[in-house]
Amino acid sequence: MSSAPPAGLPSVDATTPAVLALPGPVHRDDVPRLCDDVRALLEATGDGVVVCDVADIGPPGLAAVDVLARLELAARRAGGRIRLRGPDPALRALLDLVGLRFEAEGQPEEREPAGGVQEAVEPGDPPL
């Protein structure tokens, strides 16, 4: 007795990470509640990633950096991480300045080379 695979596309469980919208401006008093929210979302989804929507976080400053660093720490302790959605370029620059690296939606991961990019040219290599 043999069984044939089902016709059509295989069943794929497409999951999207949980999203936590950070209201602006965020204050230090909000941090414990937001950290609890990140831990709860990681536990509920089991995905390992919580997307933090930072489009409305307010003016980029050290308070925003502190909140994001604490959220990342809470996520790491729970076995996950956070990913940023809609970061202002000034916020990204400030995070880079203080040495915090966050993955942002829509950006390739640093360890993945962009498609079609040749890293080095050797003598005798044909042109692309």
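Structure first, text after, so check above.
Residue numbers restart at each chain and count upward from 1, following the sequence in its written direction. Restriction of local features to residues with pLDDT of at least 70 applies here, the model being predicted, together with a cutoff of 80 or more for giving and counting side-chain atom pairs; totals for whole chains, interfaces and linings are based on all residues. With hydrogens and water set aside, each side-chain value is computed from the structure's full complement of heavy atoms.

**Concerning the overall build of the protein**
Moving on, step 1. Helix numbers and strand numbers start at the N terminus; a helix is a DSSP run of H or I with at least 4 residues, a strand a run of E with at least 2. In terms of regular secondary structure, the protein is built from three helices and four strands.
Moving on, step 2. Moving toward the C terminus, one meets the helices and strands of the protein in the order β-α-β-α-β-α-β.
Moving on, step 3. In the protein, which comprises 128 residues, the proportion classed as buried is 27%.
Moving on, step 4. Sequence-distant contacts, at least 24 apart, represent 65% of the contacts inside the protein between residues at least 6 apart.
Moving on, step 5. Within the structure as shown, the protein displays about 8900 Å² of accessible surface, and the carbon and sulfur contribution to it stands at 54%. Between buried and exposed lies partly exposed: a residue is buried under 20% and exposed over 50% of the maximum accessible area for its type, with that area taken using a 1.4 Å probe on protein chains only. Here, residues are in contact when the closest pair of their heavy atoms is within 4.5 Å. Shrake-Rupley sampling with a 1.4 Å probe provides the accessible areas, and residues are treated as covered by the protein chains on show and by no other component.

**Quick notes on unusual backbone geometry**
Moving on, step 1. Following G24, the chain continues to P25 via a peptide bond in cis, the omega torsion being -15°.
Moving on, step 2. On the secondary structure map, P25 appears in the loop between β1 (18-21) and α1 (31-45).

**Quick notes on the sheet that holds strand β3 (residues 81-85)**
Adjacent strands of a sheet form backbone hydrogen bonds with each other and so pair up, either parallel or antiparallel.
Moving on, step 1. A pair of strands counts as paired when DSSP detects no fewer than two bridges linking them. If you trace the four strands from one edge of the open sheet to the other, you get β1-β2-β3-β4, paired in parallel fashion. The sheet is open, and its two borders are formed by β1 and β4 (103-104), each paired with just one other strand.
Moving on, step 2. Relative to β4, β3 runs parallel, the two being bridged by two bridges. By the bridge assignment, L84 is partnered in β4 with A104.

**Some details on the nonpolar core**
Moving on, step 1. Definition used in this section: a nonpolar core is a set of buried Ala, Val, Leu, Ile, Met, Phe, Trp, Tyr and Cys residues joined via side-chain atoms within 4.5 Å. Ranked by internal contacts, the top residues of the largest apolar core, which has 25 residues, are L22, V38, V54, L68, L71, I82 and L84.
Moving on, step 2. Of all the elements in the fold, those that place two or more residues in this core are α1, β2 (49-53), α2 (62-77), β3 and α3 (89-97).
Moving on, step 3. At seven residues, the largest contribution of residues to this core is made by α2.
Moving on, step 4. Not counting chain neighbours up to four residues away, the residues in contact with V38 comprise L20, V50, L71, A75 and I82.

**Some details on the side chain of R83**
Moving on, step 1. Tracing the backbone shows R83 in strand β3.
Moving on, step 2. N or O atoms within 3.5 Å of each other form a polar contact, as long as, within protein, one can give a hydrogen and the other can take it, and as long as residues adjacent in sequence are counted only when both atoms are side-chain atoms. There is a polar contact of 3.3 Å between the side chain of R83 and the side chain of E103.
Moving on, step 3. With near-sequence residues (within four places) excluded, R83 lies in contact with P17, V49, V50, V51, C52, E103, A104 and E105.

**A look at the side chain of E72**
Moving on, step 1. Tracing the backbone shows E72 in helix α2.
Moving on, step 2. On the basis of relative accessible area, E72 is assigned to the buried category, the value being 13%.
Moving on, step 3. Side-chain polar atoms of E72 contact the backbone nitrogen of I82, separated by 3.1 Å.
Moving on, step 4. Those residues in contact with E72, other than ones at most four positions away along the chain, are R81, I82 and F102.

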